[in-house]
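Residues per chain are reported as follows:
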Amino acid sequence: MSGFWGVARAIIGREFLRFVHQRERFLAALVRPMVWLVIFAAGFRAALGLSIIPPYQNYITYETYIVPGLCAMVLLFNGMQSSLSLVYDREMGSMRLLLTSSFPRWWLLFCRLLGSTAISILQVYTFLALAALFGIVLPLPGYVAVLPGLFLGGLMLGALGLVLSSFVKQLENFAGVMNFVIFPMFFLSSALYPLWKMAESSPLLRDICAFNPFTHVVELIRFLLYLQINWGALIWVLGSTVVLCTIAVWGYDPARGLMKRKS
Amino acid sequence: MSHTRSPAEANPGLAVRELNFHYGAKTALDSVSFDVEPGTFCALLGPNGAGKSTLVSLLTRLLVAPDGEISVAGYDLRRTPRKALAKLGVVFQQPALDMGLTVRQNMTYFAALHGLPRSAVPTRIDAALDRLNMRERAGERVRDLNGGHRRRMELARALMHDPTVLLLDEPTVGLDAAARQSITDHVHDLAAQGLCILWATHLTDEVRDDDQLLVLHRGQILARGQTGDLRGDHTLSNWFLSQTEVPA
C-alpha cells in the first residue's frame, strides 16, 4: 500500500515542481480572473441589477456575485492547462514512462488528477486573497468551508481535461478544442449572471445553462462560501466527476483508447 | 486462483507467441513469435516501418494486442501486467525525460513509479549512476546534459528496479559515434552479466556476430538465429539489405 502512496506523492510532487518552474503560468492564472473582477465587473455592474437570491441575504455588489464564478474559472483553466500538458507529455514521450509503471493505470491517472487539482486550489486561494485586497471579503469561515467544493470542482474539471487529452491527437489541435470547451462552458453558466436573468432573455439558454456541469461547480462554490450546501449542485458535480473519470480511464485503456490511435 | 503455465511463461526471459496487430485494415505485426533467454543480447533488426515500434509498444503494454501472448520473466503480460512490468526495463526511442528537473529528480520520480521503497531510493540512484559513470551529473538539470549523457541517464534509470528483461528501442538514434559505441558496449556487458536484452535497431554496426538476431520486415519475422551464422560470408549490412530490399 505504501507503494501506492509513494506513486501519489511522486506524481503530485512532479506536478508542483513543474508548476513552480512555470512562473508565467501562475501569473496568467491570477491575472485572468483579476481582469474580470477589476475591469469587466466595473463596467458591467451598472448594466446588471441583481435581486436577492440564495445564498445571499442582502443586496450584493456585482463583484461579489462573480467571485465564485471566477474561482470556478481558475479551476476550469487549470484543468485545461493540465490536459494540455498531458498532450505535451505524450508528444514528448514522458507519458510512456508514466503508463509503463507497474501500478494500475487508473491509479496513475487519478494521482495526476489529484496533482492538478491541488495546484488549482492553490491558485484559487491566491486569487481569493488578491480579491480580498481589492475589498471583496467573504465570510471568514467560508474560506475554509469552500475547500471541499474546490476539490470536487477541480477533480471534475481535471477529469474533463483528461478526457479531452485522450481524444485530441495533436498539440496543434488543442487550442481550438480549448476554445470550444472553455468559452461555451464559462458563458453558458451562472458564473457571470444568475440563471433567472438568462431566462428573461431565453428560456432555452437558461435550460442549457442549468444542464452545464460548470454551472453546478459555480453554485457549489457559491453556497459553500456562505456556509450552505447546494445539494442539487453537489449531486450534479459528483455524478459528472464519476462519469468523466470513467470515460478518461476508458480513453487511456491500452486495448481501446488513445495510444492505439496515437501510435 | 492458479492457472496452467503456458510454454511462453516457462521462459524466464522474454517470450512472444503468435502476436498479431492491425491499425484498422493495415497489418502491423503478423504472427510474430520469438524467445530471448536470460544472458542473451538479441538484436531486433528491421528497416523503418517494419513494425519494431509497434512491437515495443505491445511489449510495454502501451498497446494491447487482441490475440497472441507475451511473457516477461515468466509473467504473462495480459494476465499479470503488474508483475510483468515490474520485471521490465525500457529505454524508448523518444527520450522520456523531464528537461526542467535534475537527473536525481527524474530518477526519484521513476523509482516511485516502480514502487521502490523510499529509504532505498538514494542508494539505488547512486549505484545506477555509478554504473554509467554519471554520478557527478546527479544535480544537473537534464536540459543541460548532452545527448549521450541523457541516454546514459535513461539507461541507468531503466536498470534501477533490477529488471530481468531490458528493452531498448533504437537507443542510439541521434548520438555521435563515441556515445553510440559506449552505450552499445555497456548493454552487451549487461547481457554477459545475465540480463535478457532486446535491442531494436536498423543499424547493422551495433550487432555482433555472437548476438542473437531477429529480422523483422513488414510485420513478419524473416530470419532468426546467431548473427554470424545468418550472415555467412557477407557483411551484415549486405545480408540485411538482401533480405529486406524490395524488388524494383
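As the structure is a computational prediction, the values presented were derived from the model and not from experiment.

## Things to note about unusual backbone geometry
Residues other than glycine predominantly adopt negative phi, and peptide bonds predominantly adopt the trans conformation.
Part 1 of the reasoning: With a phi angle near 50 degrees, Asp162 of chain B is a residue other than glycine that sits in the positive phi range.
Part 2 of the reasoning: Within the secondary structure layout, Asp162 of chain B lies in the loop between α5 (147–158) and β7 (165–169).

## With respect to the UniProt feature "transmembrane region" (unreviewed entry) in chain A
Residues and elements named next belong to chain A.
Part 1 of the reasoning: Per the UniProt record, the feature "transmembrane region" (unreviewed entry) sits at residues 26–53, 65–88, 109–137, 143–164, 176–196 and 233–252.
Part 2 of the reasoning: From the first C-alpha to the last, residues 143–164 spans 31 Å; its make-up is 95% helix and 0% strand.
Part 3 of the reasoning: Strand forms 0% of residues 233–252 and helix 95%; the C-alpha atoms that close the span are 28 Å apart.

## Describing the interface of chain A and chain B
Part 1 of the reasoning: Contacts between the two partners involve 30 residues from chain A, matched on the other side by 30 residues from chain B.
Part 2 of the reasoning: Carbon and sulfur atoms supply 61% of the area that chain A and chain B bury against each other, a total of about 2700 Å² over both sides.
Part 3 of the reasoning: Contact with chain B buries surface across chain A, with Leu97, Thr100 and Ser102 of chain A losing the most and accounting together for 24% of the total.
Part 4 of the reasoning: The interface formed by chain A and chain B holds 2 salt bridges in total.
Part 5 of the reasoning: A salt bridge links Asp98 of chain B to Arg18 of chain A; its shortest N-O distance comes to 3.3 Å.

## Considering the layout of surface pockets
Part 1 of the reasoning: Quantified by volume, the largest pocket comes out at close to 490 Å³.
Part 2 of the reasoning: Arg18, Gln22 and Tyr88 of chain A together with Asp98 and Arg143 of chain B are, among the 21 residues lining the largest pocket, the residues nearest its centre.
Part 3 of the reasoning: Among the residues forming the lining of the largest pocket, the class breakdown is 9 nonpolar, 6 polar and 6 charged.
Part 4 of the reasoning: Computed from the structure, the second largest pocket encloses a volume of approximately 400 Å³.
Part 5 of the reasoning: In this structure, the second largest pocket is lined by 21 residues; those nearest its centre are Gly6, Arg9 and Ala10 of chain A together with Thr108 and Ala112 of chain B.
Part 6 of the reasoning: Elements with a minimum of two residues in the lining of the second largest pocket: α1 (2–21) of chain A together with α3 (103–113) and α4 (121–131) of chain B.
Part 7 of the reasoning: When residues of the lining of the second largest pocket are assigned to their parent elements, the largest contribution, 9 residues, is made by α1 of chain A.

## Examining the confidence of the model for chain A
Part 1 of the reasoning: Taken residue by residue, chain A gives an average pLDDT of 86. The fraction at 70 or more is 93%.
Part 2 of the reasoning: For chain A, per-element mean pLDDT is lowest for helix α13 (residues 258–262) of chain A, which scores 45, and highest for helix α11 (residues 213–225) of chain A, which scores 96.

## Considering the UniProt feature "domain: ABC transporter" (unreviewed entry) in chain B
Part 1 of the reasoning: In the UniProt entry, the feature "domain: ABC transporter" (unreviewed entry) is given for residues 14–243 of chain B.
Part 2 of the reasoning: Helix and strand shares over residues 14–243 of chain B are 33% and 26% respectively, and the end C-alpha atoms of the span are 25 Å apart.

## Comments concerning the sheet that holds β7 of chain B
Residues and elements named next belong to chain B.
Part 1 of the reasoning: Reading across the sheet, the 6 strands line up as β6-β7-β8-β3-β9-β10 and stay open at both edges, with mixed pairing between neighbours. Both edges of this open sheet fall to β6 (88–91) and β10 (220–226), since each of them pairs with a single strand only. Shown here is a sheet whose adjacent strand axes are inclined to one another by a mean of 15 degrees, direction ignored.
Part 2 of the reasoning: As defined by bridge partners, strand β3 (residues 41–45) adjoins strand β9 (residues 212–217) across 4 bridges and the pair is classed as parallel. Bridge pairing in β9 links Leu44 to Leu214.
Part 3 of the reasoning: Its contacts with the sheet place helix α8 (residues 236–244) against β3, β9 and β10, and it is angled at close to 35 degrees to β9.

So, how was this worked out
Along each chain, numbering runs from 1 in the same order as the chain's sequence is written. Chain letters and ligand numbers both follow the written order, the letters beginning at A and the numbers at 1. Totals for whole chains, interfaces and linings use all residues, but because this is a predicted model, local features are given only for residues with pLDDT of at least 70 and pairs of side-chain atoms are given and counted only at 80 or more. Each side-chain value is worked out from all heavy atoms of the structure, with water and hydrogens disregarded. Counting from the N terminus, the helices are DSSP H or I runs at least four residues long and the strands are E runs at least two residues long. UniProt positions are given in the numbering used here, feature names are shortened, and annotations may be inferred rather than shown by experiment. When checking whether two residues touch, look at their non-hydrogen atoms; a contact exists if any pair is within 4.5 Å. Here the quantity called buried area is the total loss of accessible area, with a 1.4 Å probe, experienced by two parts when brought into contact, counted for both. Only one rule defines a salt bridge in this text: a Lys or Arg side-chain nitrogen within 4 Å of an Asp or Glu carboxyl oxygen. Cavities and pockets are found on a 1 Å grid laid over the protein atoms alone: a cavity is a set of points where a 1.4 Å probe fits but cannot escape, a pocket is an open set with protein on both sides within 12 Å along at least five of seven lines, and a lining residue has an atom within 4 Å of such a point. Grid points are joined across faces, edges and corners, and a volume is the space filled by probe spheres set on the points. Side-chain classes follow a simple rule in which Ala, Val, Leu, Ile, Met, Phe, Trp, Tyr, Cys and Pro form the nonpolar group, Asp, Glu, Lys and Arg form the charged group, and the remainder, Gly included, forms the polar group. Predictor confidence is given residue by residue as pLDDT, running from a minimum of 0 to a maximum of 100. A strand pair is defined by DSSP finding two or more bridges across the two strands. Fitted lines through C-alpha atoms give the axes, limited to the stretch in contact for helices. The angle between two N-to-C directions lies from 0 to 180 degrees.

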